[in-house]
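# Secondary and tertiary structure notes
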Amino acid sequence: MNITLKVNGIEHAIDTAPASTLLAALRGLGYHGVKFGDEGGLSGSDTVLLNGKPVNAGALLAAQAEGHDIATIEALGEHPEQGWKITDGLHPLQKAFVETGAIQCGYCTPAQILAAKALLEKNPNPSEAEVREAISGVLCRCTGYLKPVQAVLKAAAEIRGDTPLDWNSINWDFGTPKDDSPQSDAPASNLTGVQVRPKVVVTPESQTWQTVGKPEIKVDAVKLVQGKPAFTADFEKRGLLHAKVLHSPHAHALIKNIDASKALALEGVAAVLTWKDLPRVVYSTAGQSDPIPGPLDAFSLDKKVRFVGDRVAFVAAETEELAEKALSLIEVEYEVLTPILDSRQAMGSPIRIHDEPEYVNFADSNPEKNLAAHIRIDIGDVEKGFAEADEIFEAEYEVPKVQQAHIEPHVCVTYWDEDDRLVIRTSTQVPFHVRRMMAPVLGLPVKRIRVIKPRIGGGFGGKQEVLMEDVAAHLTIATKRPVIYEYTREEEFIAARSRHPMRVRMKTGVKKDGTITANSMYALSDTGAYGCHALTVTGNTGHKAMALYVGDGEYRKAPNIRFYADVVYTNTPPAGAFRGYGVPQGYWPLDRHMEKISRAMGFDPIDFRLKNAIHSGEYHPFSTAWNEGREPRPEIIHTVGLEQCVAQGRAAINWDDKFGNEEWRAGRWTEDGRPSTVRRPSSIRKGIGVAMVMQGTAIPYLDMGGASIKMNDDGSFNLLVGATDLGTGSDTVLAQMAAEVLGVPVEDMICYSSDTDFTPFDKGAYASSTTYISGTAAVNAAKIVAERVRVRAAMMLKLDKHEDIKLENRQAIAPDGRSVSMAEIALDSLHKNYQEQIMGVASYVSPVSPPPFAAQFAEVTVDSETGQVTVDRLVMAVDSGVIVNPLTASGQIEGGMTQALGYAVCEEMRYDDKGNAIERDFDRYHLFRANEMPELETIFVETFEPSHPFGVKAVAEIPMDGVAPAVGNAILDAIGANVDDNPVTPEKVWKALKSLSTGIK
């Protein structure tokens, strides 16, 4: 049908199918600011304005929009300088999102801005609640919504003409805390009430730096706020085919026969591939360094399916609709086998999930026992420690399978380039691993594969998997044409990866004075149908969690710790990497157990934890015993800011006045200590909880990052890094560190990341390693460039020595005060005298993994009649070393706490008795929305980590660890009842209260 759409004031006559959505029509016209929205608007990233009102373009037919005014992000504003043409610049909303750090991955940003624009046109002076309500239809998995809300309020003030807050006039150094009191907040505008920067207790070393430690604007923010075509699916190729995959309806079955003839006969279908058509190459989908520390147990297509959602056939067709129709025409005859759906039945079952002869064991995997990994770590003498304890506490806990739920789905475009090389453009965290791992699967040498990583719409570990690149690549090989494969939201739930669910048993020995004498954890981990990340994720469950509490006195010198685990196969969708990488699974049982012990023995819960926590100068206990299947190397921890984090967090949340205060718990006491005038039902109870956590920073002696820097004619620099920015801001912080060394502003560092053809190698974005590993590589490259700049400046200034030349403010300054600019140095070196290209290349591997530490506090309200839990406030005080960029780092903490909040109270993947997923979209699988959020507060307590040139440690993963146990502890504080498996749903709370009152479990 022929229709006319008026988009951003321009009329477009198009020919479209009656069933075509407005989303498809707009993207076909090149409006790439409108994003993926196949779930009927449940994510909201497909938001546009229709006659000024926000609507979901994916839930609206194109024909329904005819005769209406459609507005997309592209019409809002643009970069102010377009060569000789000067534009009006960005819209105030776009500017505010850029300046406040509201953009992380940027995938949902256009939708949030459009929803906010509709609000401000109706109400130019909205409250925070009204802003949250307005953007609540747009899910964000990165930010925790705090900074987007602040951005909207800031933009509203500018539109109204209010005097904006002068950010540069604020002293963001909060100094050293005194008497466990929080520092005064930075002044907020009386007109906007907006404060976007976190509290930072800085180290003395960072106070003289010009760029590092400052809230620089993200280098990709302006691009993303305009909705530029920056993501994988925004890439257009002529003759593009659409891929679809036929998924297994059975949890365990053999494919006896498969007939694709009817599908192939359908006009517009270019290829159908089954297991018979592809070479049988065994591999692991885990995006990890070579050799992959896990079994090789997967094929692109196999004659056996091992979970509902496993691959059966690939199709490429001219349109998505034709590809879907072709799937329905493929005839498959299955021999259905009995599945294993419960991890507790796996090792003793006669059923073998992996019986293929090509299976390659790693370490202690054993497919005959359905065992993907087997871990036995003993530190000290645990049995002796238990014998010396006055009390022994044992309990069992359970943690669920949950989804990464990045708003951009997995998506990949493949094509042959003009040199007959296969190009894989993919939304991945591990581009170099994709190239290496796909080469044998596709039958190509590495040199004939190029992997390009564009901007990524969230990853969180889900894209640390070489999950679906082979689908598009096989179809490009078969058809010689470009192919795009984009997961549906249902595929993300049934065919992607998830967090490993675990059943965990704790046993802890404690003396009467509160000293832990021995601590033991056993984890039964469910890897699902394939063993990707099985060993390493579950190893981290013990390695990062159990290392925190070593005991005290003699036990501190020689701790007694045991971590045993069995990682088993089941006929459920495979688990893999998820932000935190096994550590959140460890801290739920560990910290809940610490809380129970402190209450049972009458200890203060904070004092008990700190008494037994690891100190600086001590060995990381697991470094002496385990290293992800490799030789362990003992490592001393040099920086531990945990006590300071506790002091800051407990003061910020007013712990000392609330903990143990029945008046506050019952609601008869206000925040300022006065009697409450509000009468609440007696069933409504408040509670407060704490958890202490540590994580890790990279994998020592393994993770490697590289960087190259070259000087341009105008004195600017190109920074090329193999590191992958997932929205974390790593491109920006790497540019900040390089800029600090070179004495230039960040805007003079043009950062490009992750193209395997011309950026240096990097192991990828995982293990909280980018700022630490790749950042050191960038600093080292910058030092090489800085040396050549000084030499060149000395020549130009006719100096005998170059070592004392300072680089700052885009100048090389001699001790006598004379200077030459970077631009002058660049022109001299490239065009005039003794010509050379000034550049530097460096890489880095760390011998240590300095852990960040944090204290997590939570406040909750519980209705004891219904079991409903409302999390009111989360405060996290974090020691992540020096904070390179407080805006991007605090965004990481806020977003991480929000993801962890779902793990605490509502997110869970469940299956029926046939292995079918119950949660398949964002309707049943609930993510927190902007109007459902608790109050979030981030505090950074800086320590200077000596193993890094700027003293940094990791920040990305640690916010995932403490929220769930802190919330669980707060619920216990509120109602006196324990829930030992998360998420803590109303039903579980109600049952716990029931068993408490009756004594029956």
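Above this text is the structure in question.
Residues numbered from 1 in each chain as written. Predicted model: local features only at pLDDT ≥ 70, side-chain atom pairs only at ≥ 80, totals over all residues. Heavy atoms only, no water.

### Overview of the overall build of the chain
Inclusion rule: Only DSSP runs of H or I with at least four residues qualify as helices, and only runs of E with at least two residues qualify as strands; both kinds are numbered from the N terminus onward. We take the radius of gyration over the C-alpha atoms and set the globule estimate at 2.2 Å times the residue count to the 0.38 power. Only heavy atoms matter for contacts: two residues are in contact if any of them lie within 4.5 Å across the pair. In short, Shrake-Rupley with a 1.4 Å probe defines the accessible areas, and a residue's cover is counted only from the protein chains shown. Asp and Glu count as negative and Lys and Arg as positive, but His and the ends of the chain are not part of the count. Lysine's charge is taken at NZ, arginine's at CZ, aspartate's at CG and glutamate's at CD.
When helices and strands are tallied, the chain shows 25 helices and 34 strands. Against the globule reference of 30 Å for 1001 residues, the chain gives a C-alpha radius of gyration of 28 Å, in line with a compact fold. For the chain, the C-alpha atoms occupy an extent of roughly 85 × 75 × 60 Å along the three principal directions. A separation threshold of at least 6 residues defines the contact pool for the chain, and within that pool the share at least 24 residues apart is 78%. Summed over all atoms, the accessible surface of the chain reaches about 35,700 Å², with 49% contributed by carbon and sulfur. Within the chain, one finds 102 positive and 133 negative side-chain charges whose respective centroids are separated by 1 Å.

### A word on the packing of aromatic side chains
Put simply, the rule reads: The criterion for an aromatic pair is that two Phe, Tyr or Trp rings (for Trp, the six-membered ring) have centres within 6.5 Å, with stacked assigned to planes under 30 degrees apart, edge-to-face to planes over 60 apart and tilted to the rest. Each residue gets one of three labels from its accessible area relative to the maximum for its type: buried under 20%, exposed over 50%, partly exposed in between, using a 1.4 Å probe on protein chains only.
Counted by the stated rule, this structure contains 14 aromatic pairs. Ring centres of F493 and F922 lie 6.1 Å apart, and the angle between their planes is 80°; on these two criteria the pair is classed as edge-to-face. Placement of the pair is F493 in helix α12 (residues 489–494) and F922 in the loop between α23 (886–905) and β34 (935–941), with a sequence separation of 429 residues. Both rings, one in W655 and one in F857, keep their centres 5.7 Å apart while their planes meet at 70°; by these two values the pair is edge-to-face. With W655 in helix α18 (residues 655–658) and F857 in strand β32 (residues 853–863), this pair connects stretches of sequence that are 202 residues apart. Since its relative accessible area comes to 2%, W655 is described here as buried.

### Topic: the pattern of salt bridges
Stated precisely, the cut-off is as follows: Every case where a carboxyl oxygen of Asp or Glu lies within 4 Å of a side-chain nitrogen of Lys or Arg is listed as a salt bridge.
For the structure on display, the rule yields 66 salt bridges. Its salt-bridge partner being K596, residue D980 comes within 2.8 Å of it at the nearest N-O pair. Within this pair, whereas D980 is found in the loop between α24 (963–975) and α25 (986–998), its partner K596 is found in helix α15 (residues 583–601), the two being separated by 384 residues in sequence. With a relative accessible area of 24%, D980 lands in the partly exposed category. You can call K596 buried: its relative accessible area is 18%. Taking the shortest distance from any N to any O, the salt bridge between E747 and R810 comes out at 2.9 Å. Of the two residues, E747 sits in the loop between α20 (730–742) and β27 (749–753) while R810 sits in the loop between β28 (806–808) and β29 (811–813), which places them 63 residues apart along the sequence.

### Some remarks on the nonpolar core
Where we set the bar: Working definition of a nonpolar core: buried Ala, Val, Leu, Ile, Met, Phe, Trp, Tyr and Cys residues. They are joined through side-chain atoms within 4.5 Å.
F97, L548, L590, L874 and V967 are the most contacted members of the largest nonpolar core, which totals 168 residues. Residue contacts for L548: discarding those within four places in its chain leaves Y587, N612, A613, I614, L642, M692, V693, M694 and F853. I709, A777, A814 and I825 belong to the second-largest nonpolar core, a separate cluster that totals 50 residues.

### Let's talk about the environment of E267
You can see E267 is positioned in the loop between α7 (261–265) and β11 (269–273). Residue E267 is classed as exposed on the basis of its relative accessible area of 73%. Taking C-alpha positions, E267 is 9.0 Å from E318, a pair spaced 51 residues apart along the chain.

### Structural notes on the sheet that holds strand β31 (residues 839–845)
Let me state the cut-off plainly: Strands were regarded as paired on the criterion that DSSP finds at least two bridges between them. Axis geometry follows a simple rule: fit a line to the C-alpha atoms, using only the stretch in contact for helices, then measure angles between N-to-C directions, giving values from 0 to 180 degrees.
Overall, mixed pairing links the 4 strands, which are arranged β27-β26-β25-β31 in an open sheet. Each edge of the sheet is formed by a strand with only one pairing partner; in this case those strands are β27 and β31. When the angles between neighbouring strand axes are averaged without regard to direction, this sheet yields 15°. With 5 bridges joining them, strand β26 (residues 717–721) and β27 adopt parallel strand pairing. Each bridged residue has a counterpart across the sheet, and for V721 the counterpart in β27 is S753. Each of β25 (704–711), β26 and β31 is contacted by helix α21 (residues 770–797), which is oriented at about 150° to β31, the strand it contacts most.

### What about helix α22 (residues 822–832)?
Note the threshold: Our arc is simply the arc of the directions from the helix axis toward the C-beta atoms.
Turning to α22, its buried residues number three or more, namely M822, I825, A826, D828 and S829. For α22, the arc enclosing every buried residue in end-on projection is 165°, short of the 170-degree limit, so these residues lie on one face. The first or second residue beyond α22 is Y834, which carries a positive phi of 45°.

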